[in-house]
Amino acid sequence: MSSVVVVGTQWGDEGKGKITNALSSDADLVVRFQGGANAGHTVSVDGTPIVFHLLPSGISVPGVRNIIGPGVVIDPIALDVEIAEVIDRGIEIGENLMIDVGAHMVLPYHKALEAAEEKARGNAAIGTTHRGIGPAYADRCARDGIPIGTLAAFDVFRSRFEEIVDRKNEYLVRLYGEEPLDAGEILEQLHPVAERLARHLSDTPETLRAAIRAGRNVLFEGAQGTLLDVAFGTYPYVTSSCTTAAGVAAGTGVPPSLIGEVIGITKAYTTRVGAGPFPTELTDDTAKTIQERGSERGATTGRARRCGWLDIVALKYSIALNGIRRIIVTKLDILDSFETIKVCVAYDIDGSRTDRFPRTVDELRRIRPVYEEIPGWMSDTGEARRESELPAPALAYLKRICELADVDICSVSVGAKGDALVEFTSVF
Ligand code: IMO
Ligand code: MG
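Summary of the structure given here. No experiment lies behind these values; they were computed from the predicted model shown.

## Details of the layout of surface pockets
Logical step 1: If you add up the space inside the second largest pocket, you get close to 150 Å³.
Logical step 2: Every residue lining the second largest pocket is listed: Ile-19, Ala-22, Leu-23, Asp-26, Ile-328, Ser-411, Leu-421, Glu-423, Ser-426, Val-427 and Phe-428.
Logical step 3: Going through the elements one at a time, α1 (16-24) and β20 (421-423) are the ones with two or more residues in the lining of the second largest pocket.
Logical step 4: A total of three residues in the lining of the second largest pocket trace back to one element, the largest contributor, which is α1.
Logical step 5: Of the residues in the lining of the second largest pocket, the class split is seven nonpolar, two polar and two charged.

Here it is, written out as structure tokens:
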């Protein structure tokens, strides 16, 4: 099958952007199917990093067409800025970007409400990215959302917006004691944005289905990670979309029968940004080393990421949920300096050992990870491009991951640069 889904198997920031970008040279179409500008996909273009939030990571590859699917929530103002930045970097977009008319919009009241809600949650705050994601998806389900296709007829959009913004201001003012938003100002800002985005608006599902039927290579680029999935993640410390491979059908209009292999992107250790349970989290010098060596700072919010060892129990849970047979391991080079590396092989919950990933936050909080120690390689892997160029202990670490998680590895990333990849088997 010519369609491949790339999903994060952890809490996001697994390096999906770099991998999607690398795979894009063999793809005809790259498609985002969920999430929004909460994603921060860092890609190296001509040796300089660029962060995509809404644009699919294939946008910098000439000749590749990119789709923002109906399952994505789009902040039109943020997308407009991102497009301008990308054009500024000399990347040609033109016909290569299609925005599905059915994707819902994130509007300024979503961001304002999210900020007020997070403040009101106090100690129970989720630590969201403040990109308006939760309120926008909530509005879509509540039938108060506005699909981006509405922007094509600005008068239609205006009347719908005016009807909704009054109610949103009631919440802001009466419930949260915040200032109301100025509807006129927002409309004025959106008008030119709507004109610029209109040329990319498109009815995309049939284009996609036809491409897959014709044998074109289609890459579905997941955002966030499996453990942030709204149904199967560490709820309520999750995002508001379906981040697993199951989200592809619902978020693009491609039926499950046309979806091919699901490739998991797994960082060689674990990070998490925002609040919520994290069984293998470290707070010692090791965490500091990983954080510094791995530049583990949020690409969207700039927050320092929490760091810890690789968690095989969580990885197996993600593999099962997504139907993953092959993973791509990223940031292996960040572990280059350690004498010993640990992997969590089981959980201890109240004295009993399990390899089941708990479904409640209460249980997740009581986990004590059971570790296996693996010798480090203490040498530089950043220049390796072939399996034979990786040190034996690094290969042993990768092999152990495969054994424990019952999965194969198709490649390993050893640096931020696009070509810093060791390929074992090809994806398409
Ligand atoms: P990429 O695609 C890591 C986290 C936030 C927060 C929770 C909910 O770059 O891997 P939201 O703003 O989505 O309502 O926040 O989800 N989060 C991410 N963490 N990588 C991401 O995206 C994330 N997108 C959201 O930090 O804990
Ligand atoms: Mg990120």
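On we go.
## Quick notes on the side chain of Glu-221
Logical step 1: Mapped onto the elements, Glu-221 comes out in strand β10 (residues 218-221).
Logical step 2: The buried charged residue Glu-221 lacks any salt bridge partner; its closest oppositely charged side chain belongs to Arg-32, at an N-O distance of 5.4 Å.
Logical step 3: Here His-41 takes part through its side chain, which lies 2.7 Å from a polar atom of the side chain of Glu-221.
Logical step 4: Setting aside anything within four residues of it in sequence, one finds Glu-221 in contact with Val-6, Gly-17, Thr-20, Val-30, Val-31, Arg-32, Phe-33, His-41, Pro-56 and Ser-57.

## Regarding the coordination of the magnesium ion (ligand 2)
Logical step 1: Coordination sphere of the magnesium ion (ligand 2), protein contribution only: Asp-13 (OD) and Gly-40 (O), at 2.0 to 2.7 Å. With Asp-13 in the loop between β1 (3-8) and α1 and Gly-40 in the loop between β2 (29-32) and β3 (41-45), this pair connects stretches of sequence that are 27 residues apart.

## Notes on the packing of aromatic side chains
How two aromatic rings sit relative to each other is set out by the distance from centre to centre and by the angle between their planes.
Logical step 1: Inspection of every chain in the model, using the stated rule, returns eight aromatic pairs.
Logical step 2: Aromatic rings pair up to connect Tyr-109, Phe-154, Phe-157 and Phe-161 into one cluster.

## Some details on the environment of Ala-405
Logical step 1: Tracing the backbone through its elements, the reader meets Ala-405 in helix α12 (residues 392-405).
Logical step 2: On the basis of relative accessible area, Ala-405 is assigned to the buried category, the value being 4%.
Logical step 3: Sequence separation of Ala-405 and Gly-63 is 342 residues, and the distance between their C-alpha atoms is 37 Å.

## A few points about the sheet that holds β1
Logical step 1: With mixed pairing, 10 strands are arranged side by side in an open sheet as β9-β7-β5-β2-β10-β1-β11-β15-β19-β20. Where the open sheet ends on each side, the last strands, each with one partner, are β9 (201-202) and β20.
Logical step 2: Sheet topology places strand β5 (residues 65-68) next to strand β7 (residues 97-100); three bridges connect them, and they run parallel. Considered in β7, the bridge of Asn-66 is made with Leu-97.
Logical step 3: Along the sheet, helix α7 (residues 205-213) makes contact with β1, β2, β5, β7 and β10, crossing β10 at roughly 130°.

## Details of the pattern of salt bridges
Logical step 1: Within this structure, the stated rule accounts for 29 salt bridges.
Logical step 2: Here Lys-168 makes a salt bridge to Asp-139, at a shortest N to O gap of 2.8 Å. Of this pair, Lys-168 sits in helix α5 (residues 154-175) while Asp-139 sits in helix α4 (residues 133-141), and the two are 29 residues apart along the sequence. Pair check on accessibility: Lys-168 and Asp-139 agree, each one buried.
Logical step 3: In this structure, Glu-296 and Arg-305 form a salt bridge, with 2.6 Å as the shortest nitrogen-oxygen distance. Both residues of the pair, Glu-296 and Arg-305, count as buried.
Logical step 4: By sharing partners, the salt bridges in this structure join Asp-13, Lys-267, Glu-296, Arg-305 and Lys-331 into a single network.

## Some details on the nonpolar core
Across soluble globular proteins, nonpolar side chains show a tendency to be buried alongside one another.
Logical step 1: Of all hydrophobic cores here, the largest spans 58 residues; its most connected members are Val-5, Phe-220, Leu-332, Leu-335 and Tyr-397.
Logical step 2: The leading source of residues in this core is α12, at seven residues.
Logical step 3: Look past the residues within four positions of Phe-220 in its chain and what remains in contact with it is Ser-3, Val-4, Val-5, Val-6, Val-31, Phe-33, Leu-208, Ile-212, Val-248, Thr-252 and Val-254.
Logical step 4: Within the second largest apolar cluster, 38 residues are counted, among which are Met-105, Leu-107, Leu-190 and Ala-194.

## A short note on the site of ligand 1
Logical step 1: Near ligand 1, the surroundings consist of 20 residues, among which Asp-13, Lys-16, His-41, Thr-129 and Thr-239 are the closest.
Logical step 2: Within the contact set of ligand 1, an oxygen atom lies 2.9 Å away from a side-chain nitrogen or oxygen of Asn-38.
Logical step 3: Relative to its free-state accessible area of 550 Å², ligand 1 is covered by the protein chains to the extent of 98%.

## Here we look at the packing of helix α3 (residues 108-121) against α4
Logical step 1: In contact at an axis separation of 7 Å, α3 and α4 are set at 115° when each is read in the N-to-C sense. When the axes of α3 and α4 are compared, the crossing they make is right-handed. The residues of α4 that touch α3, namely those facing Tyr-109, His-110, Glu-114 and Glu-117, are Ile-133, Pro-135, Ala-136 and Asp-139.
Logical step 2: Here the contact of α3 with α4 is built from residues that sort into four nonpolar, one polar and three charged.

## What about α4?
Logical step 1: Among the residues of α4, those classed as buried are Ile-133, Pro-135, Ala-136, Tyr-137 and Asp-139.
Logical step 2: Next to the buried residues of α4 lie β6 (73-74), β8 (104-105), α3 and α5.
Logical step 3: Arg-143 lies just past α4 and shows a positive phi near 65°.

## A word on the pairing of strand β19 (residues 408-413)
Logical step 1: With five of six residues buried, β19 lies mostly within the body of the structure.
Logical step 2: Where strand β15 (residues 326-330) lies against β19, four bridges are found, and the strand directions are parallel. Bridging across to β19, Ile-328 finds its partner in Ser-411.
Logical step 3: The pairing of β19 with β20 spans three bridges and is classified as antiparallel. Looking across to β20, one finds that Ser-413 is bridged to Leu-421.

What counts and how
Residues numbered from 1 in each chain as written. Chains lettered and ligands numbered in written order. Predicted model: local features only at pLDDT ≥ 70, side-chain atom pairs only at ≥ 80, totals over all residues. Heavy atoms only, no water. 1 Å grid on protein atoms, 1.4 Å probe; cavity = no way out; pocket = protein on both sides within 12 Å on 5 of 7 lines; lining within 4 Å. Points joined across faces, edges and corners; volume = space filled by probe spheres on them. Helix = DSSP H or I, 4+ residues; strand = E, 2+ residues; numbered from the N terminus. Nonpolar A, V, L, I, M, F, W, Y, C, P; charged D, E, K, R; others polar. Buried < 20%, exposed > 50% of the residue type's maximum accessible area, 1.4 Å probe, protein only. Lys, Arg positive; Asp, Glu negative; His and termini not counted. Salt bridge = Lys/Arg side-chain N within 4 Å of Asp/Glu carboxyl O. Polar contact = N/O pair within 3.5 Å; in protein donor to acceptor, adjacent residues only side chain to side chain. Contact = heavy atoms within 4.5 Å. Donors = N, O, S within 2.8 Å, 3.2 Å for Na, K, Ca; no water. Phe/Tyr/Trp six-rings, centres within 6.5 Å; stacked < 30°, edge-to-face > 60°. Pairing = 2+ DSSP bridges. Axes fitted to C-alpha atoms, helices over the stretch in contact; angles between N-to-C directions. Core = buried A, V, L, I, M, F, W, Y, C linked by side-chain atoms within 4.5 Å. Near = heavy atom within 4 Å. Areas by Shrake-Rupley, 256 points an atom, 1.4 Å probe, with all protein chains shown as cover. Left-handed = near helix turned anticlockwise from the far one by under 90°.

Honestly, that's just the spatial picture; any functional story needs more than this.
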